[in-house]
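Each chain, written out:
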Amino acid sequence: MSTRDIKDLRTLLLGDAQADRVVPPTGFTARLTLFASGAMAFLAVFALALSMASGRLATRWADELARSATVRISAPADQMAAQTEAALRLLRQTPGVASVRAFTDEEQAALLLPWFGPDLPLDDLPVPRLIEVIETADGFDPTGLRLRLQAEVPGAVLDDHTRWRRPLVVAADRLRLLGWVSILLIGGAMAAMITLAANAALAANRQVIEVLRLVGARDAYIAGAFVRRFTLRGLFGATVGMGCGLLGILFLPQVSDEGGFLTGLGFTGPGWLLPLVIPVLAAVVAFLATGFAARRTLRSLA
């Protein structure tokens, strides 16, 4: 950072009492700037939370399904035990399979509980037997395993979760991308509204600006007063909006297995520090937007 940048930053923070009088401290432009920065920061907190939660969800789904597969055995009741044992024996001999186990009746009833209720009579229904297959790091050949199962265990069907895993991970990744796009759109909307507010303030003070020019004030001095006032307004409004957004996040449901992806949409661990960047970015957006509006307006008044 150069000496000039440090001087500009110091001037921005400390300001100039005489220059600050150029900008109206209250009125429509002040309320618009505060409301725009606060509302956009509030929305940015939720967009950031959605993006981070979607990233965690994509990672979790990929990890949980990437190294697991399921064998489903459909057979008459008198052949179910024999085919299950044959499938277990074949799977244990398959290269790339780390471990296998057959689900118990209680485990299968627990899987069906959300759809059929607690009083499901498994003994009276032709419920297939499920076998969980855990792969090694190298994995197994699904095509070859399907052929072996078809030949030795006719009632067995292999599901390597590929058709389930890929759409879920893609959907979660797109949700994460949507969150980041939303943040960019929020920043653009805030910049547009602050630019409009700055243009209105400059137009309302046109006579004051002309008088300042007559007494020798430079355009940089005049523009600096507007930039400082609107930057601080943006910083204050975004800080309030961020605080309200974090309070809203705290009231969201926490992570739970029962809630699925509808829970745990907040921040975790160091992620709670990320929203603190939002007011700073809002101040930067206000700084750039006001500076652009001030330079353009002052050139038009020349």
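Everything here concerns the structure above.
Residues numbered from 1 in each chain as written. Predicted model: local features only at pLDDT ≥ 70, side-chain atom pairs only at ≥ 80, totals over all residues. Heavy atoms only, no water.

Trainee: When you look at the overall build of the protein in this model, what are you seeing that I'm missing?
Mentor: Counting its secondary structure elements, the protein contains 10 helices and 4 strands. For the protein, the α and β elements follow one another from N to C terminus as α-α-α-β-α-β-α-β-α-β-α-α-α-α. Scored against the burial criterion, the 302 residues of the protein give a buried share of 38%. Long-range contacts, defined as pairs at least 24 residues apart, comprise 83% of the intrachain contacts of the protein with a sequence gap of at least 6. Surface accessibility of the protein: about 17900 Å² in total, with carbon and sulfur atoms responsible for 65%. (Helix = DSSP H or I, 4+ residues; strand = E, 2+ residues; numbered from the N terminus. Buried < 20%, exposed > 50% of the residue type's maximum accessible area, 1.4 Å probe, protein only. Contact = heavy atoms within 4.5 Å. Areas by Shrake-Rupley, 256 points an atom, 1.4 Å probe, with all protein chains shown as cover.)

Trainee: Help me out: how do you make sense of the sheet that holds strand 4 (residues 156–159) in this one?
Mentor: Sheet strands associate in pairs through backbone hydrogen bonding, adopting either a parallel or an antiparallel arrangement. One open sheet accounts for 4 strands, arranged 2-3-1-4; its pairing is antiparallel. Each edge of the sheet is formed by a strand with only one pairing partner; in this case those strands are strand 2 (97–102) and strand 4. Ignoring strand direction, the axes of neighbouring strands in this sheet form an average angle of 20 degrees. The strands touched by helix 6 (residues 142–152) are strand 1 (68–73) and strand 4; relative to strand 4, the strand with the most contacts, the crossing angle is about 170 degrees. (Pairing = 2+ DSSP bridges. Axes fitted to C-alpha atoms, helices over the stretch in contact; angles between N-to-C directions.)

Trainee: It is not clear to me how the environment of Phe46 should be interpreted in this structure. Could you clarify?
Mentor: Here Phe46 lies in helix 3 (residues 28–66). Overall, the relative accessible area of 29% leaves Phe46 in the partly exposed class.

Trainee: Is there a simple way to explain the side chain of Gln83 in this structure?
Mentor: Looking at the secondary structure, you find Gln83 in helix 4 (residues 77–92). For Gln83, a relative accessible area of 14% gives the class buried. Here Gly155 takes part through its backbone nitrogen, which lies 3.2 Å from a polar atom of the side chain of Gln83. If sequence neighbours within four positions are ignored, Gln83 has contacts with Ile73, Ala75, Val153, Pro154 and Gly155. (Polar contact = N/O pair within 3.5 Å; in protein donor to acceptor, adjacent residues only side chain to side chain.)

Honestly, that's just the spatial picture; any functional story needs more than this.
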